Structure formats: C-alpha cells, structure tokens
Amino acid sequence: YVSCSDIFQKKKYEKLLVTMLLSFITLPEFYESSSVNDFHSQCISVISEIFHKPNAIELAYQQLQFNKSYLSKKFKDVFGMTMTDYINEMRVKYASYLLCVTEYPLPHICESIGLESLPYFNKLFKKYSSFRFR
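## Considering the overall build of the protein
Within the protein, the secondary structure is distributed over 7 helices and 0 strands. Beginning at the N terminus, the succession of helices and strands in the protein can be written as α-α-α-α-α-α-α. Put simply, the protein has 134 residues, and 40% of those count as buried. A separation of at least 24 residues holds for 59% of the contacts in the protein among residues at least 6 apart in sequence. Carbon and sulfur atoms provide 57% of the accessible area of the protein, an area that totals close to 8,900 Å².

So this is what it looks like as structure tokens:
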C-alpha cells in the first residue's frame with residue numbers, strides 16, 4: 001500500500017532532482033566572484049522550487065526580495081537570459097523528461113509545469129526543446 005503523501009513526496013523529490021540535474025547541464029560552471037555565486041545559487045534554489053507553478057515569475061520576485069528592475073538586470077547579466085526565458089526553459093526540459101519517462105497525457109504534463117494552454121506549451125516546446133522529431 002502506497003499512501004498519497006508518499007506519492008506526493010516522491011514527486012516533489014523527483015522534481016527537485018531533475019531541476020538540479022538540468023541546472024548542472026545548462027549553466028556555466030565557473031563564476032569569478034562569490035557575490036555572483038551567492039546570487040546564482042539563490043536564484044537556482046528559488047526557481048527550482050517554483051518553476052512549475054503558474055505564477056513562477058511573481059513568486060521568484062517575491063522570494064528573492066530584490067527590486068524587480070535590479071533583479072531583472074542582474075539575472076540577465078549572470079545567467080545570460082531573462083528570468084522568464086530561464087523558467088520557461090526549465091519547464092520545457094522538465095516536460096521533456098516527463099514525456100520520456102511517463103505516460104501522462106499532454107494536458108497533465110502542461111498542468112504539472114504551470115501552463116494551462118496547450119498552444120502556448122507547443123510554442124515554448126519548439127523554442128526551448130533540444131528534441132527534434134522527424
């Protein structure tokens with residue numbers, strides 16, 4: 001017998017593990033100053049927890065507790081992309097993972113990454129996915 005809380009915990013840890021693995025793959029390995037490392041680590045930690053929620057951008061601004069314009073500029077300087085692009089890329093990579101290892105229907109996968117619109121998911125998938133179908 002497997003309880004609902006066990007399943008929820010497993011899914012939570014699975015999401016965190018996938019997010020951490022994806023961040024190691026997609027992010028530059030070396031930063032010169034420790035303040036950049038601190039900012040980088042803080043952003044990854046927050047975004048890893050919230051990227052799958054529909055209001056992830058707003059939550060990131062709230063949890064990182066920086067002025068929005070400062071955070072946007074600093075994030076782009078450190079990560080080389082906007083926070084929106086970063087979150088959307090994480091969503092697509094997690095969706096790609098779910099498509100490969102589960103038999104969840106696409107609407108369920110969209111919901112699990114914080115998107116309600118299948119056409120918007122398709123647009124993001126085409127933009128960020130490294131998978132190419134023939």
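## Section: the nonpolar core
In this structure, Phe75, Phe79 and Met83 are the most contacted members of the largest nonpolar core, which totals 33 residues. For this core, the secondary structure elements donating two or more residues are helix 2 (34-50), helix 3 (56-64), helix 4 (68-79), helix 5 (83-101), helix 6 (106-112) and helix 7 (118-128). Broken down by element, this core gets its largest block of residues, 8 residues, from helix 5. Apart from residues lying up to four places away in sequence, Phe75 is in contact with Phe39, Cys43, Ile47, Gly80, Met81, Thr82, Met83 and Tyr86.

## Some remarks on the packing of aromatic side chains
Inspection of every chain in the model, using the stated rule, returns 8 aromatic pairs. Ring geometry for Tyr94 versus Tyr97: centroids 6.1 Å apart, planes at 25°, classification stacked. Taken together, the residues Tyr94 and Tyr97, both in helix 5 and 3 residues apart, mark about one turn of the helix. Owing to a relative accessible area of 3%, Tyr94 belongs among the buried residues under this scheme. Put simply, the rings of Phe39, Phe66 and Tyr70 pair up and form one aromatic cluster. Its end group placed over the ring of Phe39, Lys74 keeps NZ or CZ at 5.2 Å from the ring centre.

## Describing the confidence of the model for the protein
The predicted model of the protein averages 81 in pLDDT, with 71% of residues at 70 or higher. A low-confidence stretch, residues 28-33 stays under pLDDT 50, and its non-local contacts, those more than four residues away or across chains, total 4 contacts.

## Some points on the packing of helix 5 against helix 7
Where helix 5 meets helix 7, the closest approach of the two axes is 9 Å, and the angle between their N-to-C directions is 95°. On the basis of the axis angle, helix 5 is roughly perpendicular to helix 7. Residues Asp85, Asn88, Glu89, Val92, Ala95, Ser96 and Leu99 of helix 5 lie in contact with helix 7, whose contacting residues are Tyr120, Phe121, Leu124, Phe125, Lys127 and Tyr128. Among the residues making up the contact of helix 5 with helix 7, the classes are represented as 8 nonpolar, 2 polar and 3 charged.

## Here we look at unusual backbone geometry
At Gln65, a position not held by glycine, the phi torsion is positive, near 55°. By the element assignment, Gln65 lies in the loop between helix 3 and helix 4. Owing to a relative accessible area of 69%, Gln65 belongs among the exposed residues under this scheme.

Cut-offs and rules
Residues numbered from 1 in each chain as written. Predicted model: local features only at pLDDT ≥ 70, side-chain atom pairs only at ≥ 80, totals over all residues. Heavy atoms only, no water. Helix = DSSP H or I, 4+ residues; strand = E, 2+ residues; numbered from the N terminus. Buried < 20%, exposed > 50% of the residue type's maximum accessible area, 1.4 Å probe, protein only. Contact = heavy atoms within 4.5 Å. Areas by Shrake-Rupley, 256 points an atom, 1.4 Å probe, with all protein chains shown as cover. Core = buried A, V, L, I, M, F, W, Y, C linked by side-chain atoms within 4.5 Å. Phe/Tyr/Trp six-rings, centres within 6.5 Å; stacked < 30°, edge-to-face > 60°. Lys NZ or Arg CZ within 6 Å of the ring centre and 35° of its normal. pLDDT = per-residue confidence, 0-100. Axes fitted to C-alpha atoms, helices over the stretch in contact; angles between N-to-C directions. Parallel < 35°, antiparallel > 145°, perpendicular 65-115°, else oblique. Nonpolar A, V, L, I, M, F, W, Y, C, P; charged D, E, K, R; others polar.

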